[in-house]
Amino acid sequence: MKQRHWISWFCIALVSSLALVAASVADDPPATEAERAYEIKATMLCPVCDGQNVLESNAPVAAAIRAQVDELVSEGRSDAEIRAWMARQYGKDVNANPPRTGIGSLIWIVPVFVAVASTGFLVFAFRKWRVGRGSELSDDDVTIVSSLREPT
Amino acid sequence: MLVRGTGSYVVIALLGTFGVAVGFVGAIGGVMTLVSSLASKREEHHRRAITWVFVMAGGCVLAVTAMEIGLLRDDFSMQYVAANSTRATPVLYKIATLWGALEGSLLLWVFVLSVYVTAVSISFRRRIEDRLVAWALLTMLVVCVFFLGLLVGPADPFGTLSIAPIDGDGLNPLLRNHPLMAIHPVMLYLGYVGFTVPFGFAVAALVTGRLGEGWLVLTRIWTLIAWVSLTVGILLGAWWSYEVLGWGGYWAWDPVENASFLPWLTGTAFIHSVIVQERRGMLRVWNLSLLLATFALTIFGTFLTRSGVIDSVHEFSASSLGPLLLSFFALILVVSVALVGWRGDQLRSPGSIDSPLSREGAFLANNLLFTLFAFVVLLGTVFPLIVEAINGDQLAVGRPYFDRMLLPIGVALLLVMGIAPTLTWRSTAGAVLGTRALVPAAIGAATMVLALLFGAEGLGPVMGIGLGGFVIGSSARHLVFAVVRNGWRGITGRSGGGMVAHIGVSLLAFGFIASTSFSEEGEFQMRPGDRGSVAGHQIIFVDIVDEMDGLNRVVRAQIHVEGRGIYSPAITQYPTFGRPIATPSVATSFIDDVYLSLVAIPEEDSDMVVIRVLVEPLVAWMWVGGLVIAGGSLLAIVPGRRHVRADSEEVGV
């Protein structure tokens, strides 16, 4: 690579990393009560409306849950406490996030396992491909080639 | 011919039943003809199957016509019409009611399938004596027999009522307040059903043992047509839910959405990896498996959404179709696995991948990522069912799960999309990559800086936007060189059209990232004259109109969005439907959408309304991106030209 390319790449890398650092710094964790309540509502499913979260739903029960979340947040309860309270009240499937314990945790583990295993398999297959490349010459191949070469 | 009177015109229902019966007989006739002529190796008899295909198509046309006549003429002696239409339904929605409920949507499925099979028969009529084509047609006809069988038996759309009601019940109001309802399902079915064609050829290739690249070339156009229809269908569905459902979103990871997304994911993997097979003769087993999986997933998705096993907004009434669809799915799976297993050793490919830093390597990475993506979506969709079956727990798997798991995969896909066009086949030297990727990478970095200047924040979103810029840069670079070399033909063909589609994907990604990460919302209780402000947009509540439209109470708020004009979101209380349905109104621009919806129906004599205002940046870019993807795919269907040889007379022209 030409030298000016190295310089250009260095500049690009520098600008990109600065931009990404700036982007992460600007993104604060929820600070105010309202922001925290918003995050919780966005990850609670409305029990009667098939997949919409309580933030988006117009159903009365969703409005009730919104009010309850606001109240619990202002009482200073932690996120986990609020989620547990909601699960007791409305059933486990009110949480849009599957649990990280028990059988439910499989949904988080299995994809990671599959990703690692399939990448590993590809790397392995790739190595095999490279080793096996061009090494096999069947009898048919030899016959064909020799028959073609004979006339000349 | 059609007599009005008591019992209305049962004739139409009879006509429909007759059409379905003719279609069923035609499909069976075609299957029997092909089986016997394939078994007796009398190739000259294959042609007779085409006549049966026409019989089948005629029956399907008759059935669909009968249903449409019934719907348009309010024949409430027909059960389907009485249950799903009303006299007051506007004509467009009467037509669309065909696909508004279970039986009708299966009728549409069968109709689209018969159109595809007829088109295949016509376009391959001169090659029908080829066993490969005959087997492909046979496979498609077997699928026809199954679906027509559903219409004959368990999902008969032409049941009649002995006493016709004065008026019908009508569709769920959500399904009849936006014209997209007339297009979205049709496009989706064109895609869904279209994958039957490459499936048929894949099975035929396996059965006949002609596993070279010939059958792939034959089905290339069909696969692309199915793929682009499915893509457009899914995006129209997203657009519809954005315009109609009133929550300002377009994708909820609802099981039905996932059911349409799964075959799209494997189909997308296929249209990429097939290039490696055509170019290098590799990945044969993999490509066949992807096609078989794509078709199997369309059937599995139909099972999920038509059998009532999963709760969903899209769900039709629970029906007895579940076991039948599941059995058909199992059959497809068993046949597919058996065929691939049987031909396994013939599918060994001669080529090899020399370096991961090559075009092939990028395609492999693409396939790994798409397959993983599909796996996560499938797992998330069926996981609640699995857990409930094991220990009775009711779990939900919602958007946070899909976001968390799929975001890294999506980012990786964008990265591969950006790098791939700069790579060469077989292997790429680092210096070449360093030169070719330089400008695209600079564009990517500049996009990030620009995004920050416009107020973007967060590592994930900004990185995604930067990679989108990178993809646009490298796709545009590829296109520029292609056009310099080949003139306007440079943007056609699979590589040119593909690059255009990639630019569309980036635009879509910008819209998706910005609208999900940077939207702001406010909820206001307002009386006429009140003002509110969200994300710098001033809104003024001008007036309220509260009126009766027939039996429905419609409340319309007139809201002035400063700089955009007057918008009137509404909310309607239908007497036949419990909760009121909000009709949002969106002030669209290429910078951001101001999404207005009424939260609750106001008291009868009050002029106080609750308005939710959402400001979502760049949403419109998603729809434009979708349009560009569709355009790129159409360009890919136009045969392109790879190189103009140096000695060709066209050089310099």
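Residues numbered from 1 in each chain as written. Chains lettered and ligands numbered in written order. Predicted model: local features only at pLDDT ≥ 70, side-chain atom pairs only at ≥ 80, totals over all residues.

What follows covers the overall build of chain A. Counting secondary structure elements, chain A contains six helices and zero strands. Each helix and strand of chain A, ordered N terminal to C terminal, gives the series α-α-α-α-α-α. Out of the 152 residues in chain A, the part that is buried amounts to 23%. For chain A, the share of sequence-separated contacts (at least 6 apart) that also reach a separation of at least 24 residues comes to 38%. (Helix = DSSP H or I, 4+ residues; strand = E, 2+ residues; numbered from the N terminus. Buried ≥ 20, exposed ≤ 12 C-beta atoms within 10 Å, placed from the backbone. Contact = placed C-beta atoms within 7 Å.)

Here we come to the domain arrangement of chain A. Once the domains are mapped, chain A shows domain 1 (1-29), domain 2 (31-97) and domain 3 (103-149). The C-alpha centroid of domain 2 of chain A is placed 39 Å from the C-alpha centroid of domain 1 of chain A. (Domains from an automatic or database assignment.)

Let us look at the nonpolar core. All names here are of chain B. Residues Leu 107, Val 110, Leu 113, Leu 137 and Cys 144 are the most contacted members of the largest nonpolar core, which totals 206 residues. If you tally residues by element for this core, the top one is helix 9 (residues 214-244), at 16 residues. Aside from chain neighbours lying at most four places away, what touches Leu 137 is Leu 34, Ala 49, Val 120, Ser 121 and Gly 200. Ranked by size, the runner-up nonpolar core spans 21 residues in total, among them Phe 541, Ile 544, Ala 557 and Val 613. (Core = buried A, V, L, I, M, F, W, Y, C linked by C-beta atoms within 7 Å.)

Now for the interface of chain B and chain A. The interface of chain B with chain A comprises 54 residues on the first partner and 45 residues on the second. Here the side of chain B that touches chain A gets eleven residues from one element, more than from any other, and that element is helix 13 (residues 359-391) of chain B. Considering only residue class, the side of chain B that touches chain A consists of 36 nonpolar, twelve polar and six charged. (Nonpolar A, V, L, I, M, F, W, Y, C, P; charged D, E, K, R; others polar.)

Turning to the environment of Arg131(B), a few remarks are in order. All names here are of chain B. With respect to the secondary-structure elements, Arg 131 resides in helix 6 (residues 131-152). For Arg 131, a count of 19 C-beta atoms within 10 Å translates into the label partly exposed. It is 29 Å that separates the C-alpha atoms of Arg 131 and Ser 229, two residues lying 98 residues apart in sequence. Residues within four places of Arg 131 in sequence aside, it is in contact with Leu 38 and Thr 208.

In this section: helix 3 (residues 60-74) of chain A. For an α-helix the count is 3.6 residues per turn, leaving residues at separations of three or four pointing the same way. All names here are of chain A. With 15 residues, helix 3 extends 21 Å from end C-alpha to end C-alpha; this agrees with the ideal 21 Å at 1.5 Å per step. Among the residues of helix 3, those classed as buried are Ala 62, Ile 65, Arg 66, Val 69 and Val 73. Buried residues of helix 3, viewed axially, fall in a sector of 105°; they line one side. Of the exposed residues in helix 3, the ones pointing more than 90 degrees away from its buried face are Pro 60, Ala 67, Glu 71 and Ser 74. The elements touched by buried residues of helix 3 are helix 2 (33-42) and helix 4 (79-90). Directly after helix 3, the chain includes Gly 76, whose backbone phi takes a positive value near 85°. (Expected span 1.5 Å × (residues − 1). Arc of directions from axis to C-beta.)

This paragraph deals with the pairing of strand 3 (residues 537-549) of chain B. All names here are of chain B. Across four bridges, the pairing between strand 2 (residues 531-534) and strand 3 is antiparallel. Bridge pairing in strand 3 places Val 534 opposite His 537. Turn length for the strand 2-strand 3 hairpin, with the two strands adjacent in sequence and antiparallel, is two residues, and the turn residue Ala 535 shows positive phi of about 45°. Examined bridge by bridge, strand 3 and strand 4 (residues 552-561) share ten bridges and lie antiparallel to one another. Along strand 4, the bridge assignment pairs Phe 541 with Ile 559. Following strand 3, the chain reverses through two residues before pairing antiparallel with strand 4; Gly 550 in that reversal takes a positive phi of roughly 65°. (Pairing = 2+ DSSP bridges.)

This next bit is on the packing of helix 11 (residues 284-306) of chain B against helix 12 (residues 321-342) of chain B. Residue and element names in this part refer to chain B. Running from N to C, helix 11 and helix 12 point in directions that differ by 170°, and their axes come no closer than 8 Å. The angle between the axes of helix 11 and helix 12 places the two elements in the roughly antiparallel class. Contact residues: Val 285, Leu 288, Ser 289, Leu 292, Phe 295, Ala 296, Ile 299, Phe 300, Thr 302, Phe 303 and Arg 306 in helix 11; Leu 321, Gly 322, Leu 325, Leu 326, Phe 328, Phe 329, Ile 332, Leu 333, Ser 336 and Val 340 in helix 12. (Axes fitted to C-alpha atoms, helices over the stretch in contact; angles between N-to-C directions. Parallel < 35°, antiparallel > 145°, perpendicular 65-115°, else oblique.)

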